[in-house]
Amino acid sequence: MKKVIGIVSEGPTDYLVLKAVIDKITGKENRYLPLQPEPDMLGRYGNGWKGVWRWCKETESMGMLMQEIQPSIDAIVIQMDGDVVRKEKEVHCRCETTVCDEKGKAFPLYCDKAAVSKCPVELPCLSHDEGIPAMIDHLKSVLETELENEDMAHIAITIPCDSTDAWVVAAYDGLDDIEMFQDPWDRIIAKGKYYHGIRVRGNKKSTNTYQLFSGKVAECWNTVTEKCRSAEILEKEVRRILM
Amino acid sequence: MSEMKLKKITIQNFKSLYDVSFEPGRVNVFIGANGSGKSSILEAIGVLSAAMTDRVNTVSLQRKGVRLSTSALYKSKFLSIEKESKTVDFSVGWKLAGHDYEYMNHMTVPVDDDSWKYFAESVTCDGASVYGRSNRSSAQLNNKIGYFTISEALSASEYSTAAKYIGDYGIYQPDTLTLRGTVADPIQTNPIGLNGGRLAEAIQDLLHEEGEDAMFGSMFMEDMLELIDWASDFKVGKPKKTILNPGVPTTQEIIEFRDKYLKDTASFTGYDASEGALYVLFMLSLAMHEKAPKMFAIDSFDHAMNPRLARKVAEVFSRKIIEENKTVFMTTHNPLVLDGLDLSNDDIRLFTTDRNKQGHVEVRRVQVSEKLLKMNQPLSRLWINGVLGGVPELL
Ligand SMILES: [Zn+2]
Ligand SMILES: [Zn+2]
């Protein structure tokens, strides 16, 4: 029987990469359920990092979803890109150095102040150390706050840094310190019309393009884990929850 | 004698169904993205039905609503299959009067004409062989005809019961103009054509009185009318000039509705009937008409029905199918149809279809615990949220 893995990701391109990578790590074809972005016109959870965060907040019991449906879901992998830490104020709402009278009251994504661009958070947030491990730890803890009541034995969080695109660059170009490189999509992959012979449209990450990229990431996964701490952590997490 | 009940269907090397097997109940609902193989499953059952009880060629398939395509398409063509399998294989298992039966066959797709050839077919009862032939052992037999209905070894009544049950299978795809009787059904089967032809006559058969009560089949007329909320009554009659535009061609009988919002409560009209009402009547006629097939398929069950109506009809329809000991296979894209299914009843089964990496169709039965259903988690929401599977991956 194939293992069933639910994927909660920022977008379809992240979904493709995770699928390819998890198959690679487990050494077999698994069955994947795209849980987020929601395949629904209403887009109840919305896309991107907000959608992932909201999914974690609003899914009442993942354990229940995993056990009460047959074929049951064996594991859930939740993904949020590391760049959210440097770009988005809301994920620092609850940080030590944040001074805000709404702090701790509203769920940050529903905060009235944020809605009218009056969030007092200043970026970069001074509550964390610099560097990749701190970035990963912070986003992980933001999501874990919403998962307090979950048994994490079969749930993993992955924070690709700076984004899943960095893993693509690591696979193709083998660059050191690629995780420190900001916005690899705009600044490397979509810089020209082609990236390693693959046509790239700068403004849009197409799933067809990413189908090819994700194959390469899986193929060169050893290099990717050598170059990217975030990839190395995912490998460990996949082994923990699935093997 | 207990009623016929299907146990298992296996399909190999047919289109994208490389190796599919599933255990159907009475009501079988398939959900999946477009192109995930739902319709191929309905078609494969059509081929199986034709193969077991008749023969497989253009005419026999057409009669069952199996869409025609070039012969090469019937056989799986996947790059990953190194040695292309020689035959398309089907099997169906069923239970009847306490015994377990299985029919298996291996066929080759047509090369020069349009007839599929029987490479081998066999029948077992409780695991013991009762009939078998293969290309090698009996070359003298006609290899373009199925022997299930003609072999002397299978002359007992339980085999003719099974042949009738499985042999009447057809894929229904109702179409509004045909339901209205304004165009003839290209595939007119008895009592209702695959596109809904002669629905009026079928309804006529179902309308009757029991004591004081007006009935539609086994349903009280008032329960039936609850599904058509704008109508206060319906009947079947010869078209009168007064209610129809003379320019509208019709078949012999038409269905007439009395609109409860119209002041003139005496008038019935046929041509203006809503599509939804006709579909409801069509579904329930198929479920209840004694001459309608015991086993059939409906592609796009929700077609032309408002989501809430589709949910209610799914519920009533399933109940009737089970009462009548029928077997139905249907596809839907409408989440609310799922909410009309009582999955705690083992006769009602939900399946997802997905394609794997090689493009092969995978069919899975989905079961949801009572506990989850009770926790305000309707199936529609679970489907939309992706936890059941059967959704397009990248939309
Ligand atoms: Zn912070
Ligand atoms: Zn705030």
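A brief look at the structure comes next. (Residues numbered from 1 in each chain as written. Chains lettered and ligands numbered in written order. Predicted model: local features only at pLDDT ≥ 70, side-chain atom pairs only at ≥ 80, totals over all residues. Heavy atoms only, no water.)

## Some words on the overall build of chain B
- Scanning chain B for helices and strands turns up twelve helices and 17 strands.
- Counting all 395 residues of chain B, 54% fall into the buried class.
- For chain B, the accessible surface area stands at approximately 17300 Å², while carbon and sulfur atoms represent 49% of it. (Helix = DSSP H or I, 4+ residues; strand = E, 2+ residues; numbered from the N terminus. Buried < 20%, exposed > 50% of the residue type's maximum accessible area, 1.4 Å probe, protein only. Areas by Shrake-Rupley, 256 points an atom, 1.4 Å probe, with all protein chains shown as cover.)

## Some thoughts on the interface of chain B and chain A
- Listed per partner, the contact involves 29 residues of chain B and 25 residues of chain A.
- At the boundary of chain B with chain A, total buried surface from both sides reaches about 2200 Å², with 57% on carbon and sulfur atoms.
- When residues of chain B are sorted by the area they lose upon contact with chain A, V387, E393 and L394 of chain B head the list and together hold 28% of the total.
- At the junction of chain B with chain A, the criterion picks out four salt bridges.
- Note that K357 of chain B and D23 of chain A form a salt bridge whose closest N and O atoms lie 2.8 Å from each other.
- Our enumeration of links across chain B and chain A arrives at six residue pairs in polar contact (both at pLDDT 80 or more).
- Elements with a contribution of two residues or more to the side of chain B that touches chain A: strand 16 (348–355), strand 17 (361–368), helix 11 (370–374) and helix 12 (379–384) of chain B.
- Top contributing element to the side of chain B that touches chain A by residue count: strand 17 of chain B, with six residues.
- Partitioning the side of chain B that touches chain A into residue classes produces twelve nonpolar, nine polar and eight charged.
- The pairing of strand 3 (residues 69–70) of chain A with strand 17 of chain B spans two bridges and is antiparallel. Across the sheet, I69 of chain A pairs through a bridge with V368 of chain B, a residue of strand 17 of chain B. (Contact = heavy atoms within 4.5 Å. Buried area = accessible area lost by both parts, 1.4 Å probe. Salt bridge = Lys/Arg side-chain N within 4 Å of Asp/Glu carboxyl O. Polar contact = N/O pair within 3.5 Å; in protein donor to acceptor, adjacent residues only side chain to side chain. Nonpolar A, V, L, I, M, F, W, Y, C, P; charged D, E, K, R; others polar. Pairing = 2+ DSSP bridges.)

## Digging into the coordination of the zinc ion (ligand 1)
Residues and elements named next belong to chain A.
- Protein coordination at the zinc ion (ligand 1) comes from H92 (ND1), C95 (SG), C125 (SG) and H128 (NE2), with a distance range of 2.0 to 2.3 Å.
- Its four donor atoms give the zinc ion (ligand 1) angles of 102 to 121° at the centre, a pattern that matches the tetrahedral case.
- Between consecutive donors of the zinc ion (ligand 1), the numbers of intervening residues give the motif H-x2-C-x29-C-x2-H. Taken together, the positions of C95 in the loop between helix 4 (83–87) and helix 5 (112–115) and C125 in the loop between helix 5 and helix 6 (132–146) put the pair 30 residues apart, joining distant regions of the chain. (Donors = N, O, S within 2.8 Å, 3.2 Å for Na, K, Ca; no water. Tetrahedral: all angles 85-135°; square planar, octahedral: opposite > 155°, others 65-115°.)

## Quick word on the pairing of strand 17 of chain B
- Burial analysis of strand 17 of chain B places six of its eight residues in the buried class, which makes it a mostly covered element.
- Turn length for the strand 16 of chain B-strand 17 of chain B hairpin, with the two strands adjacent in sequence and antiparallel, is five residues, and the turn residue G359 of chain B shows positive phi of about 90°.

## Some words on unusual backbone geometry
- Each neighbour pair has its own omega, and for Q70 of chain A with P71 of chain A the value is -5°, a cis peptide bond.
- Inspection of the secondary structure puts P71 of chain A in the loop between strand 3 and strand 4 (75–79).
- Residues other than glycine seldom take positive phi values, yet D183 of chain A does so here, at roughly 50°.
- With a phi close to 60°, R198 of chain B is a non-glycine residue in the positive phi region.

## Considerations on the packing of helix 6 of chain A against helix 11 (residues 229–242) of chain A
Residue and element names in this part refer to chain A.
- For the pair helix 6 and helix 11, the least separation of the axes is 10 Å and the interaxial angle reads 50°. Between helix 6 and helix 11, the crossing angle belongs to the class labelled oblique. Contacts from I132, P133 and I136 of helix 6 reach helix 11 at R229, S230 and I233.
- Here the residues of the contact of helix 6 with helix 11 are counted per class, giving four nonpolar, one polar and one charged. (Axes fitted to C-alpha atoms, helices over the stretch in contact; angles between N-to-C directions. Parallel < 35°, antiparallel > 145°, perpendicular 65-115°, else oblique.)

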